Amino acid sequence: MLTLPPPDLPNRGAPVPGAVYLVGAGPGDPELLTLRALRIIAAADVLVYDQLVSAEILALVNPAAERIYAGKQRGNHAVPQDDLNQLLVNLARTNRRIVRLKGGDPYTFGRGGEEVETLRENGIPFEVVPGVTAAAGVAAYAGIPLTHRNYAQACVFVTGHLKDGSMNLDWPGLARRRQTVIIYMGLSGLSYLCAQLIAHGLPADWPAAIVQQGTTPKQRTVTGTLETLPGLAEAAGLKAPTLIIVGEVVRLRDKLTWFEGR
Ligand code: SAH
């Protein structure tokens, strides 16, 4: 078993009762948890967790902790966000160690900011523990660097979540060369996304990839172009969670794959 370093800095102590810990669980592989996350989940009294948190990670949580599922799937919010914000406040007032565990990083498309705003308004002490966001974890395990001196000097993260059936994104800004675009929650809008990028100037044969359940044993990657990827992803029967990576860095995958097929 791992021995954690001694708590010798102010933010390294054991979690305290009455506080809320907003903890990033990373993209799936439990080995990608931070030491801080591990220390805090092992000492939790109450765990409020999302659908994206893997079973292997839940197994590292204090077995005596009360577990509350705040499941979030697209279009199926088990607990509405306002109720969830208030729930965290109410739980903290029971003077226990509350851990809000989220997939990836809490401040990257995780609504962590909204939860912390409510905690601050209510005078509840909190700490935010960053996690490996899907972009970083999935790219590494799929053999696709996010930036590369020869291909991309910038990297943009966007949400492809459809609001009212369409995606309201800055298409001219996204359809740029020498940049990588990472799309979270984009599977159902994949065809629309690829069509928009082509319509705004990227070539139809621009490289693109989609990765399902990255960093887990179920990781699957489909690569193609803006033109072919939607059809290939559908033929492969990919299911959420998936991350879409658009840009010339995708070409490097042939050389840099290491995780799949292990
Ligand atoms: N806070 C999270 C993102 C939450 S939004 C983070 O920082 O990663 C949920 C979206 O993240 C999913 O729809 C998917 O696009 C992406 N995602 C999260 N985990 C993933 C994984 N293991 N593989 C692929 N995509 C993932």
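Residues numbered from 1 in each chain as written. Predicted model: local features only at pLDDT ≥ 70, side-chain atom pairs only at ≥ 80, totals over all residues. Heavy atoms only, no water.

Brief notes about the overall build of the protein chain
And step 1. Of the regular secondary structure elements, the protein chain holds nine helices and 12 strands.
And step 2. What you see for the protein chain is a C-alpha radius of gyration of 19 Å, in line with the 18 Å of a compact globule of 262 residues.
And step 3. Over its C-alpha atoms, taken along the principal directions, the protein chain stretches across nearly 55 × 40 × 30 Å.
And step 4. Looking at the protein chain residue by residue over its 262 residues, the buried ones come to 49%.
And step 5. Surface accessibility of the protein chain: about 12,800 Å² in total, with carbon and sulfur atoms responsible for 52%. (Helix = DSSP H or I, 4+ residues; strand = E, 2+ residues; numbered from the N terminus. Rg over C-alpha atoms; globule rule 2.2 N^0.38 Å. Buried < 20%, exposed > 50% of the residue type's maximum accessible area, 1.4 Å probe, protein only. Areas by Shrake-Rupley, 256 points an atom, 1.4 Å probe, with all protein chains shown as cover.)

Comments concerning the site of the ligand
And step 1. Neighbouring residues of the ligand: 18 residues in total, closest P27, T108, T133, M185 and T242.
And step 2. The backbone of T242 places a nitrogen or oxygen atom 2.6 Å from an oxygen atom of the ligand.
And step 3. With the chains in place, 92% of the 550 Å² that the ligand exposes on its own is no longer accessible.
And step 4. Among the elements of the structure, α5 (134-142) and β12 (242-246) are those that each provide at least two residues to the shell around the ligand.
And step 5. Class assignment for the residues of the shell around the ligand results in 10 nonpolar, seven polar and one charged.
And step 6. Of the residues that make up the shell around the ligand, three or more belong to each of domain 1 (20-129) and domain 2 (134-256). (Near = heavy atom within 4 Å. Polar contact = N/O pair within 3.5 Å; in protein donor to acceptor, adjacent residues only side chain to side chain. Nonpolar A, V, L, I, M, F, W, Y, C, P; charged D, E, K, R; others polar. Domains from an automatic or database assignment.)

A few points about the sheet that holds strand β6 (residues 98-102)
And step 1. The sheet built from five strands is open, its strands ordered β3-β2-β6-β1-β7 with parallel pairing. The sheet terminates laterally at β3 (66-69) and β7 (126-129), the two strands that pair on one side only. Averaged over neighbouring strand pairs, the angle between their axes works out to 15 degrees when direction is ignored.
And step 2. Pairing of strand β2 (residues 46-49) with β6, which is carried by four bridges, proceeds in the parallel orientation. From the neighbouring strand, V48 faces β6, where its bridge partner is R100.
And step 3. This element, helix α3 (residues 81-92), spans β1 (20-24), β2, β3 and β6 of the sheet and lies at about 150 degrees to β6. (Pairing = 2+ DSSP bridges. Axes fitted to C-alpha atoms, helices over the stretch in contact; angles between N-to-C directions. Contact = heavy atoms within 4.5 Å.)

Regarding the side chain of T215
And step 1. In this fold, T215 is placed in the loop between β10 (207-212) and β11 (220-225).
And step 2. Within polar-contact distance, the side chain of T215 engages the backbone nitrogen of D29 at 3.1 Å.
And step 3. Ignoring anything within four residues of it in the chain, the contact list for T215 reads P27, G28, D29, L32, G137, V138, Y141 and F259.

Quick look at the pattern of salt bridges
And step 1. Evaluated as defined, the whole model comprises nine salt bridges.
And step 2. K102 serves as the salt-bridge partner of E115, at 3.1 Å between the closest nitrogen and oxygen. Of the two residues, E115 sits in helix α4 (residues 112-121) while K102 sits in strand β6, which places them 13 residues apart along the sequence.
And step 3. Given the relative accessible area of 0%, E115 is considered buried. (Salt bridge = Lys/Arg side-chain N within 4 Å of Asp/Glu carboxyl O.)

A short note on the packing of α3 against α4
And step 1. Running from amino to carboxyl end, α3 crosses α4 at an angle of 45 degrees, the nearest separation of the two axes being 9 Å. If you check the angle between α3 and α4, you find them oblique. For α3 against α4, the interelement crossing comes out right-handed. The residues of α4 that touch α3, namely those facing Q81, L84, N85, L88 and V89, are E114, E115, T118 and L119. (Parallel < 35°, antiparallel > 145°, perpendicular 65-115°, else oblique. Left-handed = near helix turned anticlockwise from the far one by under 90°.)

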